[in-house]
Amino acid sequence: MSLKTAVAAPFRQRGTDRMAESEFVVALSLDRNWFSPDQAKSLVDVAASEGLVEREDDALVVTFDAGNVEIPDGFAPGEEVLQSRSTFERVLDAVVESGVEKQTAVAGINSLQSTLGVTLEAAAVVYARSEGVTVESIAAEAREEI
């Protein structure tokens, strides 16, 4: 997932799980030249909304082990990481990251939605759980949206 990789890069580079938001923006915009400063600030908002970082005072704290995220040589995230993803997209990404083929997951989710008569997001959460994928934080957000 390129969003997670983009978020992990500055933390890995500095060998920390906490840094000033301004330092994070500089790392993405000036050090790596991946985004403009405004785009890097937008990335912070997207990452926070998806639970990848938490804001504490003026600092960002990464919520996953950034050291375990592989950053391929020549990696450069696309601008699509600057857009917030729907609950369905986030659950689907988690399922695909666990090793399930995307087409298989979408077919399973669509089948559950039809069978159970629930929203696409609810069907995605049920499918993820049936595959052993933990999506509790995303599921909680989906419940709040209802």
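One can find the structure itself at the top, above this paragraph.
Calculation notes
Residues numbered from 1 in each chain as written. Predicted model: local features only at pLDDT ≥ 70, side-chain atom pairs only at ≥ 80, totals over all residues. Heavy atoms only, no water. Axes fitted to C-alpha atoms, helices over the stretch in contact; angles between N-to-C directions. Helix = DSSP H or I, 4+ residues; strand = E, 2+ residues; numbered from the N terminus. Parallel < 35°, antiparallel > 145°, perpendicular 65-115°, else oblique. Left-handed = near helix turned anticlockwise from the far one by under 90°. Contact = heavy atoms within 4.5 Å. Nonpolar A, V, L, I, M, F, W, Y, C, P; charged D, E, K, R; others polar. Expected span 1.5 Å × (residues − 1). Buried < 20%, exposed > 50% of the residue type's maximum accessible area, 1.4 Å probe, protein only. Patch = residues over 30% accessible without salt bridge, like charges linked within 9 Å, V, L, I, M, F, W, Y side chains within 5 Å. Areas by Shrake-Rupley, 256 points an atom, 1.4 Å probe, with all protein chains shown as cover. Salt bridge = Lys/Arg side-chain N within 4 Å of Asp/Glu carboxyl O. Pairing = 2+ DSSP bridges.

**Student:** Give a description of the packing of helix H2 (residues 21-31) against helix H3 (residues 37-49) that names residues and reports values.
**Tutor:** When two helices pack together, you describe them by how their axes are tilted relative to each other and by the distance separating the axes. Look at H2 against H3: their axes get within 9 Å of each other, and the N-to-C directions meet at 125°. With respect to their mutual orientation, H2 and H3 come out oblique. Like other packed secondary-structure pairs, H2 and H3 cross with a definite hand, here right-handed. Where H2 abuts H3, its residues Glu21, Phe24, Val25, Leu28 and Ser29 lie against Pro37, Ala40, Lys41, Leu43 and Val44. Residues belonging to the contact of H2 with H3 are distributed by class as follows: seven nonpolar, one polar and two charged.

**Student:** Which residues make up helix H1 (residues 2-14), and what values go with them?
**Tutor:** Helix length check: H1, at 13 residues, gives a terminal C-alpha distance of 19 Å against a target of 18 Å (1.5 Å per residue), a fit within 8%. Residues of H1 that are buried: Leu3, Thr5, Ala6, Val7, Ala8, Ala9, Pro10 and Phe11. Next to the buried residues of H1 lie strand E1 (18-20), H2, H3, strand E2 (53-56) and strand E3 (59-62). Just downstream of H1, Gly15 is the residue with a positive phi angle, here 65°.

**Student:** Talk me through a nonpolar patch on the surface; I want residue IDs and the actual numbers.
**Tutor:** On the surface, a nonpolar cluster with roughly 210 Å² of combined accessible area is contributed by Leu116, Val118 and Val126. The residue Val126 is located in helix H6 (residues 120-130) in this model. The class for Val126 is partly exposed, based on a relative accessible area of 38%.

**Student:** Hey, could you go over unusual backbone geometry for me, with residue numbers and the actual values?
**Tutor:** Leaving glycine aside, a negative phi is the common case for residues, and trans is the common case for peptide bonds. Look at Asn33: it is not a glycine, yet its phi comes out positive at around 55°. Relative to the assigned elements, Asn33 resides in the loop between H2 and H3. Phi at Asp57 takes a positive value of approximately 60°, unusual for a residue other than glycine. Topologically, Asp57 is positioned in the loop between E2 and E3. Among the residues examined, Asp57 registers a relative accessible area of 78% and is labelled exposed.

**Student:** Summarise the sheet that holds E2; cite the residues concerned and give the values.
**Tutor:** Strand order across the open sheet formed by three strands is E1-E3-E2, with antiparallel pairing between neighbours. On the outer flanks of this sheet lie E1 and E2, each paired with one strand and no other. If you compare each strand with its neighbour and ignore which way they point, the axes differ by 30° on average. Of the strand pairs in this sheet, E2 and E3 are connected by four bridges, and their pairing is antiparallel. When the bridges of E3 are listed, Val53 appears paired with Val62. Docked against the sheet, H1 engages E1, E2 and E3, running at close to 100° with respect to E1. Across the sheet, H2 touches E1, E2 and E3, and the angle it forms with E1 is around 90°.

So, to be careful, I would describe these as geometric facts and stop short of saying anything about function.
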